[in-house]
Structures are given as structure tokens and as C-alpha cells.
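Chains, contacts and geometry: an overview
Below, each chain spelled out in residue letters.
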Amino acid sequence: MEGHATDRLITIGQLSELTGVPVRTIRFYADEHLVEPVARSNAGYRLYDAMAAARLELVRTLRDLGIDLPTVAKVLAQEITVAEVARVHAEALGAQVRVLRLRQAVLRAVAVRGSDWEEMELMHRLAKLDAAERTRILDGFLDTVFKGLDGKRLDGNALDGDSGAGGTFETMIRASFPELPEDPTGEQVEAWVELVTLIQDEDFTARVRTMAQRGAAKHVSEEATIRHQEAFNTVLASRATQAYTEGIDPVSTDGTALAAAIAASYAQTTGNRDTPAWRATLIDDLETFTDRRVYRFWELVALVSGDTTTVAVASPMIEALEWLITALRAAG
């Protein structure tokens, strides 16, 4: 025995019975210099003391918690504390839990949609974008849309009926662009994937660029922007929505007369004369800014953010404005 009394030591088999750790695992930990024997018997068998049993219990607990062997060795050598290890690994586990929840939400969305493997791969790839990649994609969209426009605001119109007039459209998008929640639903994952796909669509980007250019070219003052926004909400959007909801045919006599009255009221409210030229400009503006994909953009932002109120309101407005465009064209 190498200086140890045999009655204070136990064999590897006894240590295994005492701790519940298999003999093979104890040998492995010994070879890794984590729980080494303190002596050997005359026959060459490994012998352990009470401290070894305590170290083995600590090693097992740390390993059960997912702590890697090099970190376990540092804890045993007192190079780092258990508290420090716990803090770091708790953060790492939080990230792992988020990934697992995200995978679960993607799989649920795939199951509901009946997606094929290509769509499933796309959903998974877009859903797990990191912060840097999300920023890169959003910056690319905003740079393409607003480059050279000096942050001009869009005129109050169908693009954003309830955003308020204070601030540029670019600022508004950047501020409202959502993060995918840590524990998303399948619906939120679907909305997020569609949203990220949409802002990378060249046709959609070109359309929003056209809107931004049109808004920037107007050079509308702050006061006029507020007045137009209020008039848009209370006159154009509100009355057109009512007519659409009531099922009035936009090309009927009643429909064209109502559309002409709405246009005249909007002109008066915004300080314009309801001339044929002004009416033509109004129709052109409405057609430029009334795009289902833009409204869908805001619906998706609301869905990812969990804002069900905005989702419920957005859909009938776009249909009502399409009704108004048709009626105004029919009115001549």
C-alpha cells in the first residue's frame, strides 16, 4: 500500500456501489485525472478514499447538467467556481432551449401547412437567423428602397393609415420590425418566414421604392402631412370602407356618385379643388400606394409581434381602397 491504511480505503467496486456510478465510468474519470485512486492494493487494484467519493459525486452532478470535462477539471482544480460554471451554462442552456422551441414551432407549422422538404428547409433556415443576419437583410431592404431620398416621409395615404405623421417611413419600419419571440407559435414562425421572404423580394422592394419616391417628390410640410393623414383616415378610408362593407357596386350609379362625393369631401378637407386634374392625381396616388403586399407587410409585422388588433383591421381597408379606385375610374 503506498502509505495508506487499508481500512480507510475502498475498492473501485465499493466506490461504484456507494455512488451508483458504473465501474467503467469511474475508470474513465481516473484516466482523465478527474477522480484518481489514492493508492493501489498489493494486487494492483485501485483504492479510493472518502474525498474521492465526494469528487466523483461532484463530477457526476456536473456531467448530468451538461458540463464538459475540461470545465469539470477546472472546477475540481478550483480554477473556477461552481457558481461561475452555473451562470455560464445556464445562459448556454437558455440558448439551447430557444433553439428547441423554435424547432418545435417550425415542425408544428410544417405539419399544419403540409409543407414539402424544401419549404421546411426554408422555414427552418429563416427562423433561426441570428441578429446580425436579420440586420443585414433589413438594412439591404431599406437601403434599396430609400437610397438617395434623404429620409423623406411618405405622404399620408394608404401605405400606413394609422402610423402617425411624425417621422420617416424608413424610421417607422426600422422601429417596428419585429423579433421572432423566444417561444413562437407555429403561426408566428410562418409569419416571420413570409416577412423575411417578402423584404427580399425584388418586385416588392421595387414597389415600395416607387412609393417612397412618390412621397419624397411631394415635399409636403409637417402640417399638411398631418392634415392629409387625418383626412385620409376619416374621409377616404372610413367612407370607402363603409361603402365596401355595405356591398355597393363600385361601377353602379350609386357607387360612382358616392365615390365622387368622397373625393370632393377629401379635396375640401385637404384644401384642394376637385378638378379633373386633381382627381386624376388622386386616383394615381391611390393606385401607387394601394398594394396588397404592403398591407400584408404590416399584417405580418403585427402577427410576429402578437398584435392581433392590427391584423384584424388591415384586411378590409385594402379592399375598400380598391373599391374606391374602381368607383372613381368609373365616375370618369
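Residues numbered from 1 in each chain as written. Predicted model: local features only at pLDDT ≥ 70, side-chain atom pairs only at ≥ 80, totals over all residues. Heavy atoms only, no water.

What the protein contains, in helices and strands, is 15 helices and three strands. Across the 332 residues of the protein, 39% fall into the buried class. Partitioning the intrachain contacts of the protein with sequence separation of at least 6 by distance along the chain shows that 68% fall at a separation of at least 24. Of the roughly 18,000 Å² of accessible surface on the protein, 52% is carried by carbon and sulfur atoms. (Helix = DSSP H or I, 4+ residues; strand = E, 2+ residues; numbered from the N terminus. Buried < 20%, exposed > 50% of the residue type's maximum accessible area, 1.4 Å probe, protein only. Contact = heavy atoms within 4.5 Å. Areas by Shrake-Rupley, 256 points an atom, 1.4 Å probe, with all protein chains shown as cover.)

So, about the packing of aromatic side chains. Overall, the coordinates contain seven aromatic pairs when judged by the stated rule. Centre to centre, the rings of Y266 and W278 are 6.1 Å apart; their planes meet at 40°, and the pair counts as tilted. Of the two residues, Y266 sits in helix α12 (residues 253-269) while W278 sits in helix α13 (residues 276-289), which places them 12 residues apart along the sequence. (Phe/Tyr/Trp six-rings, centres within 6.5 Å; stacked < 30°, edge-to-face > 60°.)

Take the packing of helix α10 (residues 202-218) against helix α14 (residues 292-305) next. Relative to each other, α10 and α14 sit at 100°, their axes nearing to 10 Å. Considered as vectors, α10 and α14 are oriented roughly perpendicular to each other. On α14, the residues that touch D203, F204, R207, V208 and M211 of α10 are R293, V294 and F297. When grouped by side-chain class, the residues that make up the contact of α10 with α14 number five nonpolar, no polar and three charged. (Axes fitted to C-alpha atoms, helices over the stretch in contact; angles between N-to-C directions. Parallel < 35°, antiparallel > 145°, perpendicular 65-115°, else oblique. Nonpolar A, V, L, I, M, F, W, Y, C, P; charged D, E, K, R; others polar.)

Moving on, we come to the environment of I248. Tracing the backbone shows I248 in the loop between α11 (222-245) and α12. The partly exposed category is assigned to I248, whose relative accessible area is 23%. When the C-alpha positions of I248 and A327 are compared, they lie 9.9 Å apart, and in sequence the two are 79 residues distant. If near-sequence neighbours (up to four positions away) are discounted, I248 is found in contact with A243, D254, G255, L258 and W323.

With that settled, the discussion passes to the side chain of T71. Mapped onto the elements, T71 comes out in helix α4 (residues 69-76). Residue class for T71 comes out buried when judged on its relative accessible area of 15%. Within the structure, the side chain of T71 is placed 2.9 Å from the side chain of D68, a separation counted as a polar contact. Not counting the four nearest positions on each side in its chain, T71 is found in contact with I80, V85 and H89. (Polar contact = N/O pair within 3.5 Å; in protein donor to acceptor, adjacent residues only side chain to side chain.)

What follows deals with the nonpolar core. Proteins that are soluble and globular tend to have nonpolar side chains buried together. Formed by 38 residues in total, the largest nonpolar core has its most connected members in M123, F141, I173, F177, F204 and F297. Of all the secondary-structure elements, those providing two or more residues to this core are α5 (82-113), α6 (117-127), α7 (131-146), α9 (186-198), α10 and α14. Those residues in contact with F297 that lie beyond four places of it in its chain are I173, F177, L195, L198, I199 and F204. One finds V235, A259, I283 and L328 within the second-largest nonpolar core, a separate group that totals 26 residues. (Core = buried A, V, L, I, M, F, W, Y, C linked by side-chain atoms within 4.5 Å.)

A separate point is the pattern of salt bridges. Under the counting rule described, the total for this entry stands at 12 salt bridges. When the shortest N-O distance is used, the salt bridge between E322 and R292 registers 2.7 Å. Highlighted residues: E322 in helix α15 (residues 308-331) and R292 in helix α14, separated in sequence by 30 residues. Residue classification places E322 among the partly exposed positions, given a relative accessible area of 27%. Because the salt bridges share partners, they merge into one network encompassing D203, R207, D291 and R293. (Salt bridge = Lys/Arg side-chain N within 4 Å of Asp/Glu carboxyl O.)

Okay, the confidence of the model for the protein next. Do not read the predicted coordinates in detail wherever pLDDT is low. Residue-level pLDDT values for the protein average 81, and 85% of them are 70 or greater. At the low end of the mean pLDDT range in the protein sits α6, at 72; at the high end sits α12, at 94. Every residue in residues 1-6 scores below 50 in pLDDT, and together they form nine contacts with partners more than four places removed in sequence or on other chains. With pLDDT under 50 throughout, residues 151-167 is counted as low confidence; its partners more than four residues away or in other chains account for 51 contacts. (pLDDT = per-residue confidence, 0-100.)

Read across the open sheet, the three strands follow the order β1-β3-β2; overall the sheet is antiparallel. Whereas interior strands pair on both sides, the edge strands pair on one side only; in this sheet they are β1 (10-11) and β2 (39-40). Summarising the sheet, β1 and strand β3 (residues 46-48) pair through two bridges and their orientation is antiparallel. Among the inter-strand pairings, T11 is bridged to a residue of β3, identified as L47. (Pairing = 2+ DSSP bridges.)

What follows concerns unusual backbone geometry. Despite not being glycine, H33 has its phi angle at roughly 65°, a positive value. Under the relative-accessibility criterion, H33 is labelled exposed at 55%. Phi is positive for Q78, which is not a glycine, with a value near 60°. Note that Q78 resides in the loop between α4 and α5. Residue Q78 is classed as exposed on the basis of its relative accessible area, which comes to 72%.

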